[in-house]
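Architecture and fold: a report
Read off the chains here:
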Amino acid sequence: MKRWIKWTAGSALLLAVIVAATAASGLYLAEQKRNRYIDIKPRPVAYTTDAQTIERGRYLYASRGCTDCHGAQGTGREFVNDGKGTRLAGPNITPAGVVARYQPEDWNSVIRHGVKPNGRPLLVMPSEDYNRFTNDDLNALVSYVRQLPPQEGTAAVVDLPRPAWVLYGLGAIPDAAARIDHQLAPSRPVPAGLTVANGQYVANMCIGCHGADLSGGKIPGGPPDWPAASDIRPGKDSAMGRYASSASFVTMLRTGKRPDGTPIQVMPFESLGQLSDVDAQALYLFLTAPGGSAKAGGAGAGAPRSEDVGRVGGAADAHLVRVEAPKGQQHQPSNVPSVSSGLRIPG
């Protein structure tokens, strides 16, 4: 009996030592990762002031998750505070904020690559969602942000519990820069319309939570109580099976509720609700394409026009598609509380 007690106590002590050593190693590695230098060669972003470009940038800012972290006016916003040690706030990105000294290439580095102007990784920035922006769209987004009125705002806050930092250090939670192929060329523009190609481009905003192949799973860096992201690839096991038509899918984007009325807990509905009817319906086409294998990326899109009707799969296909928009919901903003697409911690 005494030998058994000694063996149990010894094993518990050994386990405690291993856990402590692992935690210490993880924290050390986290500090090393946070301060690593990432050598990229970003292209300078064009600064544009024409009205059409600014309007396209406004649409992208509103519909691609920027407001969720930086607020509608760009002055910054606290978007996570669980009272358990996790507190995140996006910084002020008006000309009076953190971007005041950005050079043209710095915008590309931060938005597309998740890398600060000094070459260090950003810890909370969904750059994997923006890496495939066309050059024109990146230019439009930056041009819109640069013309925001200078205002006082919040600073960036990244407060995480120690276990999260340990997991980050050990590689269980990669940052955005680690998930991006920095050599990948930008998407090629294609005309806006109800096409699979346009839907594929819009689906880039889904990568951070649903993965590059959109198969879903545990959201990288999400709090433990967050549900797993759904598999939204075409197929019999896809969550897209809930939506019998594009109208029901677009209604979900506008309301934050499934067709059966149940609310969806973790989705950036504040931004999704601002998607144009064309982009929302094109996304549905892409995610439900017969025989398709959904993978975000690929083609780009021009400025959204709700009167556009395209061909499934692009110009090479012969048949047109008809997609019904939900009645009374043309370009309506959403008031549904949202969880930002940028909540991959840290990333």
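See above for the structure.
Below, the structure is looked at part by part.

Criteria and thresholds
- Residues numbered from 1 in each chain as written.
- Predicted model: local features only at pLDDT ≥ 70, side-chain atom pairs only at ≥ 80, totals over all residues.
- Heavy atoms only, no water.
- Helix = DSSP H or I, 4+ residues; strand = E, 2+ residues; numbered from the N terminus.
- Buried < 20%, exposed > 50% of the residue type's maximum accessible area, 1.4 Å probe, protein only.
- Contact = heavy atoms within 4.5 Å.
- Salt bridge = Lys/Arg side-chain N within 4 Å of Asp/Glu carboxyl O.
- Pairing = 2+ DSSP bridges.
- Axes fitted to C-alpha atoms, helices over the stretch in contact; angles between N-to-C directions.
- 1 Å grid on protein atoms, 1.4 Å probe; cavity = no way out; pocket = protein on both sides within 12 Å on 5 of 7 lines; lining within 4 Å.
- Points joined across faces, edges and corners; volume = space filled by probe spheres on them.
- Nonpolar A, V, L, I, M, F, W, Y, C, P; charged D, E, K, R; others polar.
- Phe/Tyr/Trp six-rings, centres within 6.5 Å; stacked < 30°, edge-to-face > 60°.
- Lys NZ or Arg CZ within 6 Å of the ring centre and 35° of its normal.
- Parallel < 35°, antiparallel > 145°, perpendicular 65-115°, else oblique.
- Left-handed = near helix turned anticlockwise from the far one by under 90°.

**Brief notes about the overall build of the chain**
Across its full length, the chain holds 13 helices and 3 strands. Taking all 347 residues of the chain together, 49% fall into the buried category. For the chain, contacts bridging at least 24 residues in sequence account for 74% of all contacts bridging at least 6.

**As for the pattern of salt bridges**
What the rule picks out here adds up to 10 salt bridges. Arg87 is the partner of Glu78 in a salt bridge, and the nearest nitrogen-oxygen pair spans 2.5 Å. The exposure class of Glu78 is partly exposed, given its relative accessible area of 39%. One salt bridge connects Arg179 with Glu128, and the closest N-O pair in it is separated by 2.7 Å. Of the two residues, Arg179 is situated in helix 8 (residues 176-179) and Glu128 in helix 5 (residues 127-130); the sequence distance between them amounts to 51 residues.

**Section: the sheet that holds strand 1 (residues 77-81)**
Read from one edge to the other, the open sheet built from 3 strands follows the order 1-2-3, with strand pairing classed as antiparallel. A single partner strand is all that each edge strand has here, and the edge strands are strand 1 and strand 3 (157-159). Adjacent strand axes in the sheet meet at a mean angle of 15°, parallel and antiparallel pairs treated alike. Strand direction decides the pairing type here: strand 1 and strand 2 (residues 87-90), joined by 4 bridges, are antiparallel. Counted as the bridge partner of Asn81 is Arg87 from strand 2.

**Details of helix 7 (residues 162-169)**
Three- or four-residue spacings in an α-helix give side chains the same orientation, since the helix completes a turn every 3.6 residues. The complete set of buried residues in helix 7 reads Ala164, Trp165, Val166, Tyr168 and Gly169. Count one or two residues on from helix 7 and you reach Gly171, which has phi positive near 90°.

**Brief notes about empty space enclosed by the protein**
Following the criterion strictly, the structure yields 1 cavity of 30 Å³ or more and no others. As for the largest cavity, its lining consists of Arg64, Asp129, Tyr130, Phe133, Tyr201, Asn204 and Met205. Looking at the lining of the largest cavity residue by residue, the class counts come to 4 nonpolar, 1 polar and 2 charged.

**Details of the environment of Ala46**
Position of Ala46 among the secondary structure elements: in the loop between helix 1 (2-34) and helix 2 (51-63). For Ala46 and Asn135, which are 89 residues apart along the polypeptide, the C-alpha to C-alpha distance reads 8.9 Å. Other than its neighbours up to four places away in sequence, Ala46 contacts Asn139 and Ser143.

**Digging into the packing of aromatic side chains**
If you walk through the whole model with that rule in mind, you get 6 aromatic pairs. Between the aromatic rings of Phe249 and Tyr284, the centroid separation amounts to 5.6 Å while the plane-to-plane angle is 45°, which identifies the pairing as tilted. A residue pair is termed long-range when its members are at least 10 positions apart, and Phe249 in helix 11 (residues 246-255) and Tyr284 in helix 13 (residues 277-287) qualify at 35 residues. For the residue pair Phe249 and Tyr284, the accessibility class agrees, reading buried in each case. Linked through ring pairs, Tyr243, Phe249 and Tyr284 together constitute an aromatic cluster. We note Lys33 situated over the ring of Tyr168; from NZ or CZ to the ring centre the distance is 4.5 Å.

**So, the pairing of strand 2**
Two faces belong to every sheet, and in a regular strand the side chains alternate between them. If you look at the hairpin formed by strand 1 and strand 2, you'll find 5 residues sitting between the two strands, and Gly83 has a positive phi there, around 70°. In this structure, strand 2 lies alongside strand 3, joined through 3 bridges in antiparallel fashion. Of the residues in strand 3, the one forming a bridge with Leu88 is Val158.

**Details of the layout of surface pockets**
What the largest pocket holds in volume is close to 740 Å³. Lining the largest pocket we find 36 residues, and of these His70, Pro91, Val110, Leu122 and Met125 sit closest to its centre.

**A few points about the environment of Ile173**
Position of Ile173 among the secondary structure elements: in the loop between helix 7 and helix 8. Here the alpha-carbon distance between Ile173 and Ile219, two residues 46 residues apart in the chain, equals 9.7 Å.

**Observations regarding the packing of helix 11 against helix 13**
Across the interface, helix 11 lies against helix 13 with an axial gap of 9 Å and an inter-helix angle of 120°. One element, helix 11, and the other, helix 13, form an angle in the oblique class. Relative to helix 13, helix 11 is oriented so that their crossing is right-handed. Here helix 11 contributes Ser246, Phe249, Val250, Leu253 and Arg254 to the contact with helix 13, which in turn contributes Asp277, Ala280, Gln281, Leu283, Tyr284 and Leu287. Taken together, the residues that form the contact of helix 11 with helix 13 break down as 7 nonpolar, 2 polar and 2 charged.

Such coordinate-based values are descriptive only and should not be taken to indicate function.
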